[in-house]
Amino acid sequence: MSLDYQQVREQVHRLSQTAPARENRLKALRQRAWGLMQANTNELDSLRQKVRTVVRNHDPSLRCAVPAAEPLTAHFPPPPLPKHLVLLAADGSQIFLDRHALVEYFLINIGTIQMTYGESLPASITLLSDLHYGDDLHVSGAYPTEEKVSLLRDLRERQKLADLVEQMGEPAITLTDGRLELWGASPEEAGGEAGEGSLQTFLEALARLQAAGAIPAGYVDKPGEDYLIRLLEVASQPPEKAKDRPLLGVRDVDLFRRILAPGERSAVFEVQSRFAGIYRRRSESFAPHFFYLNVGREDHPWLARVDLLAWVAQDGRKLDELHAALVHQCSILGTRPYPYLLHRAHEIARVTPDEKGQLELMIANELRRHGIIVEESNKQFLKNLD
Amino acid sequence: MTRSIEIGRLLRGSTSGFVAGCRVPNFEADAPSLGALVRAPLGGEMQIYGLITDIHIDDDGLVRQLVTAEGVDEAAIADNRQNRTVPVEISVLAVGYRQDGQIAHMLPPRPPLSLDIITLCDDEELRRFTSAGRFGYFRHVLRGSDLPVSEILAAHIQQAHRAHTAAGNPGWAELASQELITLLRDDYPALIAVLGALGDAIGDFRF
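What you see is a predicted model, and the numbers here were worked out from it, not measured in a lab.

Caption draft 1: Up close: the interface of chain B and chain A. Contacts between the two partners involve eleven residues from chain B, matched on the other side by twelve residues from chain A. Ranked by the residues each element gives to the side of chain B that touches chain A, the list is headed by helix α3 (residues 74–83) of chain B, at six residues. Looking at side-chain class alone, the side of chain B that touches chain A contains five nonpolar, four polar and two charged residues.

As structure tokens, then:
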């Protein structure tokens, strides 16, 4: 039995009936947000002060953009690509533990690819496949849930990048997919003592990257955040109403799409959040920042968000190199701009369903050779009949 | 001198032929050609001989996307050729085998079973195979309904002619052509096509 298209069709129809009204409402909100952005573009000190007031007195969990040193509506053309520049991208994939499978194990696969502008050598790749079984299963003493395995994967990516940059002995731009922060909106996601250990490991990897002169960046394709919108809401309301969301539904890209020509980046913003505070306590140079980047064309703008840390955001040369490299990397893939090296890192790290099946058989056969009984659950057996 | 072309994986095989793959860098270094005689081991001293009937390179999603850019990045080209496992596929038609030192122009008893190195036959082997019997292996090519028969035969005979001439036997190509005329005497269109291709391949050669 599959999807009941009749039921779904009716819901899709209802959805389409409300969509135009919603879109009209959002258009009005976007226009209002645009007006606020223009009115506040140079009010950097005032905006910072308002954010501090809200965080201190009304909403400590406020997550929003904070202007750094550039006007809100500032935009910058792509700098020239340096003659020599090293780019490293890393991505990870995983096989999650499945207690229904023949064998309980999990795997983390980290792929990296390095390309050097100014040299004619082809890109070099590495692949790290890390299998966990038996006593290795538990992540920091806890059952390896999907969240914990994903966290371990992300940590390994950063550690691998730090290893490679240190081995190279020269600065490099390091790219990862998604936000640069290890977790999402709340420190609670760190999960207590185990999470604290992971955070320390992550911060140590960042410290190693910084010591090696690296330029780490997280690339967020099709970003849906509203950090700037949240700032504008804070700016336009009394502090005690800071939790109100009059511009809810408007996204940052709705505004930056108006400003950024192809190849341009926006102003750099700092991130205000509880997690950002944790990073800043380790070192001010770890404070999370971001900018938006138009990697599209005149007739088809495409905005991405680039996460970076303070030590890069405050260094004009590093910022320019990152900007130039990303514009070039995205241009390689033509009509679907996305950093070429990040896509390749994903390709290198990807574990196909076929490979997963073969790995499971390999482990099962090896265990059986040693007289260990392995058996899938009845539930899985019946699923496999399909 | 024997040259080896490495294959990444034997993709599929049967007693009438097999398809193997090699990486692009290896392909560039030791490029095989249409009609070339190759061999693959079959256990013990046994070798299968085959003629290359097709060489192709598949595209994939990433390659198709790369070509949409204004000018394909050189580093991306190098990365694709060096690092991505998109194989060059080489289709080989089985045309004989060697067992206990004897060459037979018959289909082998079984296909290659394991991933092995395909070897491009050197001139000495080419002469030995093409001199054994009386061109019995031509029938395997002529039987191929989906193959560019004329082109394969022309390319093969051109290569063999070169090898035989180098060993002081320029008459081999004439004998081969006469055999083709005999085999195709009842198929005039095919005969004309083959002779036309041979003429293109061997220039001023007279049949």
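Resuming the write-up.
Caption draft 2: A look at the pairing of strand β4 (residues 105–117) of chain A. Residue and element names in this part refer to chain A. The buried fraction of β4 amounts to eleven of the 13 residues, a majority that puts the element mostly inside the structure. Bridge analysis of strand β3 (residues 85–95) against β4 gives eleven bridges, and the strand direction is antiparallel. Pairing of L87 across the sheet is with M115, part of β4. Pairing of β4 with strand β5 (residues 124–133), which is carried by ten bridges, proceeds in the antiparallel orientation. Across the sheet, residue F106 finds its bridge partner in β5, namely H132. Linking β4 back to β5 in an antiparallel pair, the connection comprises six residues, with G118 at a positive phi of about 95°.

Caption draft 3: Molecular detail of helix α8 (residues 188–202) of chain B. Residue and element names in this part refer to chain B. Here α8 contains 15 residues, and its C-alpha end-to-end distance of 21 Å stays within 8% of the 21 Å for a straight helix at 1.5 Å per residue. Regarding α8, the residues found buried are V194, A197, L198 and A201. The buried residues of α8 occupy an angular sector of 105° when the element is viewed end-on, so they sit on one face. Turned more than 90 degrees from where α8 packs its buried face, Y188, P189, I192, G196 and D200 sit exposed. In this structure, the buried residues of α8 make contact with α6 (149–166) and α7 (172–183).

So, how was this worked out
Residues numbered from 1 in each chain as written. Chains lettered and ligands numbered in written order. Predicted model: local features only at pLDDT ≥ 70, side-chain atom pairs only at ≥ 80, totals over all residues. Contact = placed C-beta atoms within 7 Å. Helix = DSSP H or I, 4+ residues; strand = E, 2+ residues; numbered from the N terminus. Nonpolar A, V, L, I, M, F, W, Y, C, P; charged D, E, K, R; others polar. Buried ≥ 20, exposed ≤ 12 C-beta atoms within 10 Å, placed from the backbone. Pairing = 2+ DSSP bridges. Expected span 1.5 Å × (residues − 1). Arc of directions from axis to C-beta.

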